[in-house]
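# Architecture and fold: a report
So the chains spell out like this:
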Amino acid sequence: MTSTDQNPAAPPAHVAPIRTFHPRRGRMSGRQVDALDRLWPAYGLDIAELDGPFDPAALFGRRAPLVLEIGSGMGDATAAMAAADPGRHYLAVEVHTPGIANLLELAERHPLGNVRVARGDALDLVRALPEGSLDAVHVFFPDPWPKSRHHKRRLIQPGHVALLRSRLAPGGTLHCATDWAEYAESMRQTLTADPELVDTHGGFAPRPAHRPVTKFERRALTAGRPVFDLVHRRVAATAAPARG
């Protein structure tokens, strides 16, 4: 066990974990039910069934740089990024069953051999991953938990960021996006405070062309809310900052 795993991101066994998400099922179409039944055994991972360290290569059948997508929604953005980036693996974590099924169906339709889908708590999965095993972590439009009493449920907070950063390889990126201005500023302060993360843009980043417009982003833009991107890169504690 590493020192990172002893921080608040990993509560003691006798303490119930504080979840950063709402468990969601939802109604599924016949197409989605069929995709889930057929494709889950080969392309799915149930995080609750993990017992000890997890090697992503066992899920993909080969080794390649790995991108972790936390909260992939209906999977359209994940599928688009994976299709444009075949040299890297994309492991999407979601709790919304129709979204899981939809991404599996998209991966089959295109086809996308570099996509796998995990169901459950992303932080539990991250704890099971080897340190330095991720090329990138994407956290796009996480639940902002806007009420002050719920801020403890936010995904981007110091203990969770330290855990995510520890699983990034040196040079790997943590890319967050939100349309909630107060959460965006909280994210910025939290990411900037981490001693092994370097802000690649000196503040909020221009919207990267490689990030597809998500359903949540379209809603935000329609409502007139700005969208904030933050891109931070991991560097070794004693290394000079990586080039942007």
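Below is a short write-up of the structure.

Calculation criteria
Residues numbered from 1 in each chain as written. Predicted model: local features only at pLDDT ≥ 70, side-chain atom pairs only at ≥ 80, totals over all residues. Heavy atoms only, no water. Buried < 20%, exposed > 50% of the residue type's maximum accessible area, 1.4 Å probe, protein only. Helix = DSSP H or I, 4+ residues; strand = E, 2+ residues; numbered from the N terminus. Pairing = 2+ DSSP bridges. Right-handed = clockwise from strand over helix to strand, strands pointing away. Polar contact = N/O pair within 3.5 Å; in protein donor to acceptor, adjacent residues only side chain to side chain. Core = buried A, V, L, I, M, F, W, Y, C linked by side-chain atoms within 4.5 Å. Axes fitted to C-alpha atoms, helices over the stretch in contact; angles between N-to-C directions. Contact = heavy atoms within 4.5 Å.

### Some remarks on the pairing of strand 2 (residues 66–70)
- Here strand 2 lies mainly inside the structure; five of its five residues are buried.
- Bridge analysis of strand 2 against strand 3 (residues 89–94) gives five bridges, and the strand direction is parallel. Note that in strand 3 the partner of isoleucine 70 across the bridge is valine 93.
- In this view, the connection linking strand 2 to its parallel neighbour strand 3 by way of helix 3 (residues 76–84) has right-handed handedness.
- Pairing between strand 2 and strand 5 (residues 134–140): four bridges, direction parallel. By the bridge assignment, glutamate 69 is partnered in strand 5 with histidine 138.

### Focus on the side chain of arginine 167
- With respect to the helices and strands, arginine 167 occurs in helix 6 (residues 158–167).
- Exposure remark for arginine 167: the relative accessible area of 2% places this residue in the buried category.
- Within the structure, arginine 167 has its side chain in polar contact with the backbone oxygen of leucine 129 (distance 3.2 Å).

### Thoughts on the nonpolar core
- Leu68, Leu91, Leu125, Val137 and Leu174 are the most contacted members of the largest nonpolar core, which has 33 residues in total.
- At the level of elements, helix 2 (56–60), strand 2, strand 3, helix 5 (122–128), strand 5, helix 6, strand 6 (168–178) and helix 7 (181–193) are the ones that each hand at least two residues to this core.
- Per-element tally for this core: the top contributor is helix 5, with five residues.

### Notes on the sheet that holds strand 3
- The sheet built from eight strands is open, its strands ordered 1-4-3-2-5-6-8-7 with mixed pairing. Strands at the two margins of the open sheet, each flanked by one partner only, are strand 1 (44–46) and strand 7 (197–199). Going from strand to strand, the sheet's axes swing by 20° on average, the running direction of each strand aside.
- Note: strand 1 against strand 4 (residues 115–119), three bridges, orientation parallel. By the bridge assignment, aspartate 46 is partnered in strand 4 with arginine 119.
- Taken strand by strand, helix 7 contacts strand 6, strand 7 and strand 8 (228–234), and its axis lies near 10° from that of strand 8.

### A closer look at helix 6
- Taking burial as the measure, the ten residues of helix 6 include nine buried ones, the bulk of the element.
- By the burial criterion, the buried members of helix 6 are Gly159, His160, Val161, Ala162, Leu163, Leu164, Arg165, Ser166 and Arg167.

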